[in-house]
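The primary structure of each chain is shown beneath.
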Amino acid sequence: MIACVFYLQLFAQEGDTIPGVPEVPAVPEVSEVPEVPEVPETPEISETPKGDTVNIMNRVEVIETPETTRVTVGQNEVVIVEESGDTVRVKLGNRGVSIVEGPDGTEIKILNMDDFPSSSHKNKHKKKRFRPHYAGIELGLANYLTPDNSLTLPPEDSYMDLNTGRSYNFGINFIDVGVGLGTDKIGLVSGMGFEFTNYNFNGQNSIRKDPVTGVIGEYVPEYAGNITKSKMTMWYLNVPLLIEFQIPAGRKRVNLSMGVIGGLKLCSRTKMKYTQSGSKSKEVARGDYNLYPFRWATTVRAGYGFMHLYATYYPTSLFKKDLGPELYPLNVGLFFAF
């Protein structure tokens, strides 16, 4: 009986487990794989190995050395600011200014653009652009020619004879635009500027429009004594159309240009200074003086770097046909390009 019970217990034990084979542990649940954090994009700010040059988004470049700091804005070097000691040089487009602080005060100069060397590491593969030479300052002698291209006036027009040393034209060309013709050495040039012309008469007279015929003629007021100065001045707004050639010559270029200039008259007047009863007086008279409201000229310009010579001749007469002497303006002088 006891043996039977022992046998039954042993059989039950064998049915529940298999001796010698350990239980396989339960595999723990695998947790969700954490997301790999995105690698942030490298900002478009890079620094060259030199450590003194910083380029921001290929738009702004800062170069610092112990002597100078240079900031360049724009892929085409639209703006350059360079500081060195007591000198600051600023280039905006194709114009430049130098500001120098010295013991005698502050000096401001117009700069030659060659004073701003390009960043060779940045622009050595960049195509050069055509740069025009019209914006700047003109200063020259003003005169006029007769129909037979003479500076000597006929007797009937002698009252228009000029004091050539005191007759001049002054121009401020404040904008220019250039389009290269497939190269940086030849291009078309346009722009805009103001021209002031001062004709200083050599005789004891001025000019007026005849109240009856409307023709320009000599004017000598009866009440005036000795006339010390008599002149006519005119302001024009000019727009040119030129073709310009640039010939490399060393670090700079020889510039040759020719073309036409159209002008719109803005104002004109005459002015006299004289003595009356022993006292000094002056008389200013504004009017159109039968001047053409529109005129055009041919011009030739040649120079090296920023300094040029120019000659401008107007095939249109100074006065309207049959309303004044037939005279053709001619200006010759120096031009300083920005």
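In case you missed it, the structure is sitting above this.
What counts, and at which threshold
Position numbers for residues start from 1 in each chain and track the written sequence from start to end. Restriction of local features to residues with pLDDT of at least 70 applies here, the model being predicted, together with a cutoff of 80 or more for giving and counting side-chain atom pairs; totals for whole chains, interfaces and linings are based on all residues. Based on all heavy atoms of the structure, the side-chain values leave hydrogens and waters out of the count. Only buried residues count toward a nonpolar core, which is a set of Ala, Val, Leu, Ile, Met, Phe, Trp, Tyr and Cys residues joined through side-chain atoms within 4.5 Å. Only protein chains enter the area calculation, which uses a 1.4 Å probe; residues under 20% of their type maximum are buried, those over 50% are exposed, and those in between are partly exposed. Secondary structure elements follow DSSP: runs of H or I of four or more residues count as helices, runs of E of two or more count as strands, with numbering from the N terminus. Whether two residues touch is decided by their heavy atoms; if any such pair falls within 4.5 Å, the residues are in contact. In summary, the pairing rule links any two rings of Phe, Tyr or Trp, Trp by its six-membered ring, whose centres are within 6.5 Å, and it sorts them by plane angle into stacked for under 30 degrees, edge-to-face for over 60 and tilted for everything else. Geometrically, a lysine NZ or arginine CZ counts as sitting over a ring once it is within 6 Å of the ring centre and also within 35 degrees of the ring normal. We define a salt bridge as a contact between a side-chain nitrogen of Lys or Arg and a carboxyl oxygen of Asp or Glu at a distance within 4 Å. Nitrogen and oxygen atoms within 3.5 Å of one another constitute a polar contact, given that in protein one can donate a hydrogen and the other can accept it, and given that sequence-neighbouring residues count only through two side-chain atoms.

What follows concerns the nonpolar core. In this structure, Tyr-144, Met-160, Tyr-199, Ile-207, Met-232, Leu-318 and Phe-319 are the most contacted members of the largest nonpolar core, which totals 19 residues. Listing elements by their share of this core, those giving two or more residues are strand E9 (136-145) and strand E14 (227-249). Setting aside anything within four residues of it in sequence, one finds Met-232 in contact with Thr-197, Asn-198, Tyr-199, Phe-201, Ile-207, Arg-269, Thr-270, Leu-318 and Phe-319.

Before going further, it helps to examine the packing of aromatic side chains. Inspection of the entire model under this criterion finds five aromatic pairs. Measuring from centroid to centroid gives 5.4 Å for Phe-174 and Phe-194, while their planes differ by 35 degrees, and the two rings are tilted. Placement of Phe-174 in strand E10 (residues 168-180) and of Phe-194 in strand E11 (residues 186-200) is noted, with a sequence separation of 20 residues between them. Grouping aromatic residues by their ring pairs yields a cluster made of Tyr-168, Phe-196 and Trp-235. The cationic tip of Arg-295 hangs over the ring face of Tyr-236; the distance from NZ or CZ to the ring centre is 3.7 Å.

Applying the stated criterion across every chain, the model contains six salt bridges. With its nearest N and O atoms 2.6 Å apart, the salt bridge here joins Arg-301 to Glu-138. Residue Arg-301 is located in strand E17 (residues 294-304), and its partner Glu-138 is located in strand E9; the two are separated by 163 residues in the primary sequence. With respect to burial, Arg-301 and Glu-138 carry one shared label: buried. The salt bridge partner of Arg-253 is Asp-184, with a shortest N-O separation of 2.6 Å.

Its location among the elements puts Pro-240 in strand E14. According to the relative accessible area criterion, Pro-240 is buried, its value standing at 2%. Residues Pro-240 and Gly-193 lie 47 residues apart in sequence; the distance between their C-alpha atoms is 8.8 Å. With near-sequence residues (within four places) excluded, Pro-240 lies in contact with Tyr-134, Val-189, Ser-190, Gly-191, Met-192, Val-260 and Ile-261.

Glancing now at the side chain of Thr-270. Along the chain, Thr-270 falls in strand E15 (residues 252-276). A polar contact of 3.1 Å, which involves the side chain of Thr-270, links it to the side chain of Arg-208. Apart from residues no more than four positions distant in its own chain, Thr-270 is found in contact with Ser-206, Ile-207, Arg-208, Lys-231, Met-232, Glu-283, Val-284, Ala-285 and Tyr-289.

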